[in-house]
Amino acid sequence: MIKNDQQYQHSLDWLRRFEQSVAELDSNDSLKAEPTRWQLHRDSYQSQVDELKEEIAEYERLTNCDKSQPIQIKVESLNKLPNALIKARIAAKMSQEELADLLGIEQQRVQQYEDTDYQCASFVEILEVSTALGVEFETAVMQVDFEELEAVKQTVAKWRKKKMNRVTKTL
């Protein structure tokens, strides 16, 4: 995800490089003599081109949105909420410094939030950021996957057993 103008310019530069690499592969007849190898190389570069184009288009959509109309940002899971908060700030054409001022905190703290995808922020801090950005959830549907829940329980039980075994061995 592109989070600022510097990353945007960097992404544009990398897009040009990957597009050039694809063009070079397309014109490399000696490499085309090995079609499987050629296709693998081309697909890997093309994948990077496609991903960068998608990220660039999203950033441009956010920076060029009409502030007189609300923008919808889809949050596919709670894990994606940090990206949505960053996108909301970008769409609001608000700098990290301006957000920090609204929150009454240092700009470095907002930078830390975004650099770590809000892993260092408490739930209350995330709520404060969403309020400052005017974020409202229209509908939130949560699905409890019981198979996933059981898998998590089994993994936690294994971790605890390993931890207990290490503690026992050190004693």
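Everything below is about the structure printed above this text.
Keep in mind it's a predicted model, so treat the numbers as computed, not measured.

**Student:** Hey, could you run me through the packing of helix H1 (residues 5-26) against helix H3 (residues 35-63) in this one?
**Tutor:** In the contact formed by H1 and H3, the axes pass within 9 Å of each other and the chain directions differ by 150°. Relative to H3, the element H1 is oriented roughly antiparallel. Like other packed secondary-structure pairs, H1 and H3 cross with a definite hand, here left-handed. Residues Asp-5, Tyr-8, Ser-11, Leu-12, Trp-14, Leu-15, Phe-18, Glu-19, Ser-21, Val-22, Leu-25 and Asp-26 of H1 lie in contact with H3, whose contacting residues are Trp-38, His-41, Arg-42, Tyr-45, Gln-46, Gln-48, Val-49, Leu-52, Lys-53, Ile-56, Tyr-59 and Glu-60.

**Student:** What is the right way to read the environment of Glu-106 from this model?
**Tutor:** Its place among the elements puts Glu-106 in the loop between helix H5 (96-103) and helix H6 (107-115). Along the backbone, Glu-106 and Glu-58 are 48 residues apart, and their C-alpha atoms lie at a distance of 28 Å.

**Student:** Can you walk me through the environment of Leu-52 in this structure?
**Tutor:** Mapped onto the fold, Leu-52 is located in helix H3. Among the residues examined, Leu-52 registers a relative accessible area of 11% and is labelled buried. For the pair Leu-52 and Trp-14, spaced 38 residues apart in sequence, the C-alpha to C-alpha distance is 8.0 Å. Discounting residues that sit within four places of it in the chain, Leu-52 has contacts with Ser-11, Trp-14, Leu-15 and Phe-18.

What counts as what
- Residues numbered from 1 in each chain as written.
- Predicted model: local features only at pLDDT ≥ 70, side-chain atom pairs only at ≥ 80, totals over all residues.
- Heavy atoms only, no water.
- Axes fitted to C-alpha atoms, helices over the stretch in contact; angles between N-to-C directions.
- Helix = DSSP H or I, 4+ residues; strand = E, 2+ residues; numbered from the N terminus.
- Parallel < 35°, antiparallel > 145°, perpendicular 65-115°, else oblique.
- Left-handed = near helix turned anticlockwise from the far one by under 90°.
- Contact = heavy atoms within 4.5 Å.
- Buried < 20%, exposed > 50% of the residue type's maximum accessible area, 1.4 Å probe, protein only.

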